[in-house]
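Remarks on the overall topology
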Amino acid sequence: MDHKPACRGFLLRAVCFLLGACLLFTGLSALLNDKMSRKYAGDFYESGDPYEVLFFGSSHMFNGVLPLQLYRDTGVLSYNLGMTNEYSAVTYWRMVDALQRCRPKVVVVDVYRALSGEKMPRTESDLGLLHNSLDSMPLSLTKVRALADILDAGPGDFDGVFNYLFPLAQFHSRYRSLTEDDYHPYLMETRGAMPLRVWQPGTPLPLDRVPATDTAPLDSAPGETYLRRMMELCEAQGVPIVLVALPFQAPEDQLARLNGIAALAAEYPNAVYLNLLYEDVVDPLIDFSDPDGHLNTAGAARVTAWLGDWLTDRYPLTDRRGSAGSWDRSLDNVRRQHCATLAGAGDLTTALMLLAGQDLSFTLCAGPEAAAEPANAALLARLGVPVTDGGVHWRSPGAPDIWPQSGAGLVAFDPDTGEELARVELG
C-alpha cells in the first residue's frame, strides 16, 4: 500500500492547523494585549526614522522631555523611550535592544531609578508595569536575555518569563474590559513622551543645605551596576551617553547621592552627567503636576528647551525641519490635542500653565487680584505678559484682535494662520 498520499494529507492538515493557530494567536494578541507599551513605543519600531537622540529612564523622562518640541525648536529627530516606574535594569536592556535597531548620535538617561536598592521589585504593581516597558519590544534573543536577567529567572521560572515573551498569557481574560482603543488601536504621535496637563504647586529644594559639592555614595548596587553597564554599552558602540537628574521634588537625603553620580560618570570618557536640580531650569511653584514633582507641560517645555540647547551645542545633530513631513503633521495634531485640554481649563493658573512653552499666539484678560496670585504672576512673567494696576489686557505678537467675551480668560490661535484653537472664559 502506498502511504505517501496519506502522509501528504496529514502534513497538509497539520500545516493548516498550525497556520490557523498562529493566525488565531496573533489576532487574539492584537485584541487582548494591553496597548500602553505599543501606543508609546510602537512608532520607534515601525517608523524607520533616523533618530539621532534617544531618551531613556523612568516617568521623570517619560513625562519630562518632549521630542516634538525638540524637533520644533532644533529640527533634531529624537525618541523618548522612558516609561513609568522603569528600573535601571529594564532601562539597560531596552537600550541594548534600541541600539541594535538604531544608531543615535547621543543617548540621554534619567538616573532617578538608579537610587533604588532593588533590581526589580516583585510586587503585583511593579510586575504589571513591566509590561508597559517590554511588550512593544519585538520577540528576540535579546528580549529573552533581558527577561532572564531582570527577573533573575532560572530554569524553573519559565512561566514568569513566558508572560512577557507572549503577553497574551497574561491578558487572555481581559475581554471583559475591552474598550474602543482595543478594537481600533493607534500609536501616539508624541514620539514616546506623555505630557502631563495638570498643575500642582511644589516647594523649593533645600539646595542651600545640600549644595552640589556635597556628595554621598549612590548606595544602590543594582543602580550602580546598570549605570555602568549602560555607559560601557555606549562606549563599546562609540555613542556618547548623558546621565541626567531631571527636576523633581527630591527629598533632602537623595540630593547628595544624586550629586555623587558625577564621579561615577567621570570614570567613562564617553559619559557626561547633568544634574538639573541645581541648574534653575524650572520653578517648583508652576512646573510640577503632583507631589512627587513629575513635570507638567510647562516644566517639560523648559527642560526640553534647556536640553535642546545643551545637546545641539555639543553634538553634531542634524536640523531636519522642512524635510520631515510626518513630524510636522504630528506637531499640528498634538498641538490641537493640547488646545482641547486648554479649552477645558477651569481656572486661570491651569490655563496659563497650558499656554506656557507652546507655539501659540493669544489674547489674555485678567483682573488685578487674579494676576497678582503668585503662580499666575510667575506664569505671566514667563509668557512675557505685562501686568498693570488694572490687571492684564494683552495681545501677543501676531494674535488676531479677538478677545474673551466674558472679560476674563484667553483665546489661543495658530501663530501662522490665526485660526482660533482654544477659548477659555473665566469671567
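Structure's up top.
Residues numbered from 1 in each chain as written. Predicted model: local features only at pLDDT ≥ 70, side-chain atom pairs only at ≥ 80, totals over all residues. Heavy atoms only, no water.

**Some points on the sheet that holds strand β1 (residues 53-56)**
Whether parallel or antiparallel, the strands of a sheet pair through hydrogen bonds between backbone atoms. Convention followed: What makes two strands pair is DSSP finding at least two bridges between them. Strands here mean DSSP runs of E at least two residues long; helices mean DSSP runs of H or I at least four residues long; both are numbered from the N terminus. Note on definitions: angles span 0 to 180 degrees between N-to-C directions of axes, and those axes are lines fitted to C-alpha atoms, for helices only across the stretch in contact. Note on definitions: a residue-residue contact is assigned when non-hydrogen atoms from the two residues lie within 4.5 Å.
With parallel pairing, five strands are arranged side by side in an open sheet as β2-β1-β3-β4-β5. Only two strands of the sheet have a single neighbouring strand rather than two, namely β2 (78-80) and β5 (271-275). Taking each pair of neighbouring strands and ignoring which way they run, the sheet shows an average axis angle of 15°. The pairing of strand β3 (residues 106-110) with strand β4 (residues 241-245) spans four bridges and is classified as parallel. Looking across to β4, one finds that V107 is bridged to I241. Sheet contacts for helix α14 (residues 297-314): β1, β3, β4 and β5; angle to β5, the most-contacted strand, approximately 150°.

**Some words on the environment of P121**
Within the element layout of this structure, P121 appears in the loop between β3 and α6 (124-134). Between the C-alpha atom of P121 and that of I150, which follows or precedes it by 29 residues, the distance is 9.8 Å. With near-sequence residues (within four places) excluded, P121 lies in contact with Y87, D126 and L127.

**A closer look at the pairing of β4**
Test applied: For the exposure calls, accessible area comes from a 1.4 Å probe over protein chains only, and a residue counts as buried if that area is under 20% of its type's maximum, exposed if over 50%, partly exposed in between.
Burial analysis of β4 places five of its five residues in the buried class, which makes it a mostly covered element. The two faces of β4 match: I241, L243 and A245 on one face and V242 and V244 on the other face are all buried. As defined by bridge partners, β4 adjoins β5 across five bridges and the pair is classed as parallel. Looking at β5, one finds that L243 is bridged to Y273.

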